[in-house]
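# Secondary and tertiary structure notes
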Amino acid sequence: MTVESVLPQIYLDANATTPVLEQAADAALVTMKTMFGNPSSSHITGLQAKQLMEQTRQKARAVLGSGHGRVIFTSGATEGIQTGILSALCEAKKKIQPNKKYTLLYGATEHKAVPESLKHWNQILEINADVKAIPVDGAGNLDLAFIANEVPNALMICTMAVNNETGVYQDLNQLENVIRKHNSNIFWMVDCVQALGKRNLNLARTTIDYAPFSGHKLYAPKGIGFVYIRETAPFTPFIAGGGQESGLRSGTENLPGLAALNVIFDELLKENDSQFASVDKLHDFRNQLTQTLKDAFPTIVFNNHFSNSVPTTLNFAIPGFSSKEIMDLFDAANIRVSSGSACSSKVTRSFVLDAMGLPAWQSESAIRLSFGPATTQTEIDAACERILHCAQALGHSCLMQAANGVNNKEALDGLVQFKVGGACCWLFADKQSKTAIIIDPLPELVERLNTILECQQLTLLAALDTHGHADHESSRTTLNLPKQTCDHLGWPTQTTQIDYKGQSLEALVIGHFRLAKLTTPGHTEDSVTFMLLEQQQDKYAIRYVFCGDLILMGALGRTNFSTSSPKAMLNSIQLLAQLIDTDTLLCPSHDYNNEFATTLAAECSRNLLLNSVLQHDIAVDVFVEKKAQIDKNIVDEAGSEIMCGATVCNKNQFELHEYNTTELNAHIANNEGVLLIDIREPHEYALNHNRAFDQNVPLTRLTDFICKQSQDKTKELVLVCRSGSRSQVAARALARLGFNNIGHLKGGYALIPSA
């Protein structure tokens, strides 16, 4: 199995690492083959190696303008950071006065390697200074007034020349004036990793004491770096041993890495015909990318100010899309960018953008696009064309309005699940009648839902809440609804009446479906459950139950709100159980564990309290007491998502088949009838997919697939996604609901060899 992709990779994540320049790689390879001597050896081979090392050092001095300062080769920037901090603090400790409080200062947007190293050595050396972050303004500039106030009692200050997330650069001259005016003796380290090749450096003309650099951020291999040490700055070796680097840094030197660095320095020192673009050209590249992003995503917001950031870094957010969604989209198009979020139901924000005081949604949705000075015009042109294709794919999926309209979009039919954190929103569309309903709409999804409705030309019959939610305001009124009279949960007054299993229920007509309302108080006084029934001749077949926070995956809804009633919850659960089957799909308002949907059978196998309720073998007062004990485990924290149910059981473990590419190829060859499913979203699938995985079931449609496949749970299914994480989550969800022949491709498309 190979990726049959016609899309070559476009790499726009240079701030994370860069490819090794071809000439640098060649130099490293030649060194490994022919100049492999140890620079400490006194024979000719060793002397040749030493000459290469010293030649590289002299070029480094020229690039940095280091003057009489020392340049020591290291394994990378992290070692350089340790070297600077350890050297400064060992010297500072000698001058500490008893009973006086000291501080260690660092920029709030600094790479985590700096504050973590400060804390580490502060503790190891028993200095016990306060480690303080220097605030920044909305543009990422350090607070000079804060520095002026704090630096007199500080032992060390650490800043960065260029930020790795935003590309924001600091005015080092202005910083120097403030620092030295208020403390002429403080040790000052500047992280210059992202500045090399992008900002002019003349370190000897500054009072910077330590400046670490990394090779792999500028087209050299990983494992090689260097650190500048001011002539008058104290030095303590971080690595002791054989006395290499004149006793400053022990360990046999990385000669192939130095050979590669030698080539990079040559390119930086060239006045003409360098492979590195001029600053003006890099600005042209940024302008071209910026305009393309604006054309592709008209609502885009840039998180960095171009006036004080290097041209090679763009940090942006697109309203209505999480960083993971955009990263998955770009990855499907073989564009490599970085995300500020982790793949988790708990949203991870960018601490850099948080420090800048940007709105939470920008921090949660941040994307970093970065390129290096060796980038070519051809590569930028290709990137811009591909970005426009990404926007077209979103338009095809009706997640964004396409500029010229999309005629070949697939009509939406069935159930779609959306999530924000642990909260769920459900949209059911009936293709035949061109109508839809939305259950538990979330404010963050309003624009997306309206776009889908408009793009699909669906008439929204109702937007319903299953109860008054404690964690968000209802967004029903902001959806494109026809004028209608309804109650506070959105249920229209004009409905029909149906009989279902002895119950007379109000219902909405959705083509040949009926959405029936059942009053189910407990979680709150106004809680209701909606049952979607499909009309089949003279009877109804139940398809989905939207139960709000009555029954959750692995939990029951909490009953410690002022309008809650555990007694009413017990009665509601027993009433609902009379009307549905044990394998009817329950679609709750919250999904904290990425399990998508559940059934009474699945929950009873792990939730003893629920099982007791359904078996009618628990007294009301006992249930009330046990429920109160469970709800004590819920702790509401300010600024955090309100938990609407306490987990009462562990997630079941189910056997899954995890294949690598070789194993899956062999399995397919020996077994007919294996259904291969790509579970990425439709826009990802449309951009790029393996032909073997010819069925697309996105996670947002997984519950719909479970319902339609419920009569054949023995069929062998193998799932794939970008990295293997989503396919694993989906496979576990299917196994929990009784699908007993489930597998997924470990590592996903990322580990499938290219054709």
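Residues numbered from 1 in each chain as written. Predicted model: local features only at pLDDT ≥ 70, side-chain atom pairs only at ≥ 80, totals over all residues. Heavy atoms only, no water.

Further remarks concern the overall build of the protein chain. Along the backbone of the protein chain there are 21 helices and 31 strands. Expressed as lengths along the three principal axes of its C-alpha atoms, the size of the protein chain is roughly 95 × 65 × 45 Å. Taking contacts inside the protein chain between residues at least 6 apart in sequence as the whole, the part at least 24 apart equals 68%. (Helix = DSSP H or I, 4+ residues; strand = E, 2+ residues; numbered from the N terminus. Contact = heavy atoms within 4.5 Å.)

Before going further, it helps to examine the pattern of salt bridges. Inspection of the entire model under this criterion finds 32 salt bridges. Ionic pairing is found between Asp-631 and Lys-627, a salt bridge with its closest N-O pair at 3.1 Å. You can see Asp-631 and its partner Lys-627 sitting in helix H17 (residues 620-631), 4 residues apart, about one turn around the helix. By relative accessible area, Lys-627 is classed as buried at 1%. A single salt-bridge network, built from bridges that share partners, covers Lys-324, Asp-328, Asp-331, Arg-336, Glu-684, Arg-722 and Arg-726. (Salt bridge = Lys/Arg side-chain N within 4 Å of Asp/Glu carboxyl O. Buried < 20%, exposed > 50% of the residue type's maximum accessible area, 1.4 Å probe, protein only.)

Right, let's talk about the packing of helix H8 (residues 279-296) against helix H12 (residues 377-396) for a bit. Running from N to C, H8 and H12 cross one another at 10 degrees; their axes reach a closest spacing of 9 Å. In terms of their interaxial angle, H8 and H12 are classed as roughly parallel. Contacts between H8 and H12 involve Lys-281, Phe-285, Gln-288, Leu-289, Thr-292, Leu-293, Asp-295 and Ala-296 from the former and Gln-377, Ile-380, Asp-381, Ala-383, Cys-384, Ile-387, Leu-388 and Ala-391 from the latter. Across the contact of H8 with H12, the residue classes break down as 10 nonpolar, 3 polar and 3 charged. (Axes fitted to C-alpha atoms, helices over the stretch in contact; angles between N-to-C directions. Parallel < 35°, antiparallel > 145°, perpendicular 65-115°, else oblique. Nonpolar A, V, L, I, M, F, W, Y, C, P; charged D, E, K, R; others polar.)

Moving on to the state of the cysteines. Applying the stated rule across the entire model yields 1 disulfide. Each sulfur in the disulfide pair Cys-398 and Cys-455 lies 2.0 Å from the other. Judged by the sign of its S-S torsion, about -55 degrees, the bond between Cys-398 and Cys-455 is left-handed. Remark: Cys-455 occurs in helix H13 (residues 446-456) and Cys-398 occurs in the loop between H12 and strand E14 (414-420); sequence separation between them is 57 residues. The same class applies to Cys-398 as to Cys-455, namely buried. Here Cys-384 is not cross-linked by a disulfide; its sulfur's nearest cysteine counterpart is in Cys-390, at 12 Å. The class for Cys-384 is buried, based on a relative accessible area of 7%. (Disulfide = S-S within 2.5 Å.)

Our focus in this paragraph is the nonpolar core. Counting residues in hydrophobic clusters, the biggest one holds 60 residues, and the most contacted among them are Leu-64, Ile-147, Phe-213 and Phe-226. Looking at this core element by element, the count peaks at 8 residues for helix H7 (residues 255-269). Contact partners of Leu-64, with chain neighbours within four places excluded, come to Val-71, Leu-196, Leu-201, Asn-202, Leu-203, Phe-213, Phe-226 and Tyr-228. Phe-297, Leu-314, Ala-393 and Cys-425 belong to the second-largest nonpolar core, a separate cluster that totals 53 residues. (Core = buried A, V, L, I, M, F, W, Y, C linked by side-chain atoms within 4.5 Å.)

With that settled, consider helix H6 (residues 172-182). All of the buried residues along H6 are Leu-172, Leu-175, Glu-176, Val-178, Ile-179 and Arg-180. On its buried face, H6 sits against helix H5 (144-150), strand E5 (154-160) and strand E6 (187-191).

The next subject is the packing of aromatic side chains. Using the criterion set out here, one finds 12 aromatic pairs in the structure. Seen in terms of ring centroids, Phe-297 and Phe-330 are 6.5 Å apart; in terms of plane orientation they differ by 25 degrees. Their pairing is stacked. Of the two residues, Phe-297 sits in the loop between H8 and strand E9 (301-302) while Phe-330 sits in helix H9 (residues 323-332), which places them 33 residues apart along the sequence. Aromatic ring contacts, followed pair by pair, group Phe-213, Phe-226 and Phe-265 into a single cluster. Residue placement shows Lys-112 over the ring face of Phe-351; its charged tip is 4.1 Å from the ring centre. The residue whose ring lies beneath Arg-286 is Phe-306, and the NZ or CZ to ring-centre distance is 4.5 Å. (Phe/Tyr/Trp six-rings, centres within 6.5 Å; stacked < 30°, edge-to-face > 60°. Lys NZ or Arg CZ within 6 Å of the ring centre and 35° of its normal.)

To continue, consider the environment of Thr-74. Mapped onto the elements of the fold, Thr-74 is located in strand E2 (residues 70-74). Once the C-alpha coordinates of Thr-74 and Arg-57 are considered, the two residues, 17 residues apart in sequence, prove to be 12 Å apart. Filtering out sequence-adjacent residues up to four positions away, Thr-74 remains in contact with Glu-79, Gly-80, Gly-223, Ile-224, Gly-225, Phe-226, Val-227 and Arg-249. For Thr-74, the side chain forms a polar contact with the main-chain nitrogen of Phe-226, separated by 3.3 Å. (Polar contact = N/O pair within 3.5 Å; in protein donor to acceptor, adjacent residues only side chain to side chain.)

Pairing between sheet strands relies on hydrogen bonds along the backbone, with the strands arranged either parallel or antiparallel. Across the sheet, 6 strands lie side by side as E18-E19-E20-E21-E22-E25; this open sheet has mixed pairing. Here the strands that pair on one side only, and so sit at the sheet edges, are strand E18 (496-500) and strand E25 (585-588). Neighbour to neighbour, the strand axes of the sheet diverge by 35 degrees on average, direction disregarded. By the bridge criterion, 5 bridges tie E18 to strand E19 (residues 503-510) in an arrangement that is antiparallel. In the strand pairing of E19, Gln-497 is matched with Glu-506. Sitting on the sheet, helix H14 (residues 566-579) is in contact with E18, E19, strand E20 (513-519), strand E21 (528-536) and strand E22 (539-548), with an inclination near 155 degrees to E20. (Pairing = 2+ DSSP bridges.)

Time to look at empty space enclosed by the protein. This structure, assessed with the given rule, holds 3 cavities of 30 Å³ or more. In this structure, the largest cavity spans a volume of roughly 80 Å³. What lines the largest cavity is simply Gly-107, Thr-109, Glu-110, Gly-140, Leu-142, Thr-159, Met-160, Asn-163, Thr-166, Val-168, Gln-170 and Val-352. Looking at the lining of the largest cavity residue by residue, the class counts come to 4 nonpolar, 7 polar and 1 charged. By volume, the second largest cavity is sized at about 50 Å³. The wall of the second largest cavity is formed by Thr-466, His-467, Thr-520, His-523, Ser-527, Val-528, Cys-547, Gly-548, Asp-549 and Leu-550. (1 Å grid on protein atoms, 1.4 Å probe; cavity = no way out; pocket = protein on both sides within 12 Å on 5 of 7 lines; lining within 4 Å. Points joined across faces, edges and corners; volume = space filled by probe spheres on them.)

A few words on the side chain of Thr-524. With respect to the element layout, Thr-524 can be found in the loop between E20 and E21. At a separation of 2.6 Å, a polar atom in the side chain of Thr-524 contacts the side chain of Ser-527. Setting aside its immediate chain neighbours within four residues, Thr-524 contacts His-467, Gly-468, Phe-561, Thr-563 and Ser-564.

Here 4 strands make up an open sheet; going across it, the order is E9-E10-E13-E12 and the pairing antiparallel. Single-partner strands in this sheet number two, and they are E9 and strand E12 (338-339). In this structure, E12 lies alongside strand E13 (residues 367-370), joined through 2 bridges in antiparallel fashion. Of the residues in E13, the one forming a bridge with Ser-338 is Arg-368. Sheet strands touched by H8: E9, strand E10 (313-317) and E13. Its angle to E10, the strand with the most contacts, is close to 15 degrees.

What follows is about the confidence of the model for the protein chain. Averaged over every residue, the pLDDT of the protein chain is 91; residues scoring 70 or more account for 94%. Per-residue pLDDT, averaged within each element of the protein chain, yields its smallest value for strand E26 (residues 645-647) (69) and its largest for E25 (98). (pLDDT = per-residue confidence, 0-100.)

We now examine unusual backbone geometry. Even without being a glycine, Asn-99 presents a positive backbone phi close to 65 degrees. Here Asn-99 is to be found in the loop between helix H3 (77-93) and strand E3 (103-107).

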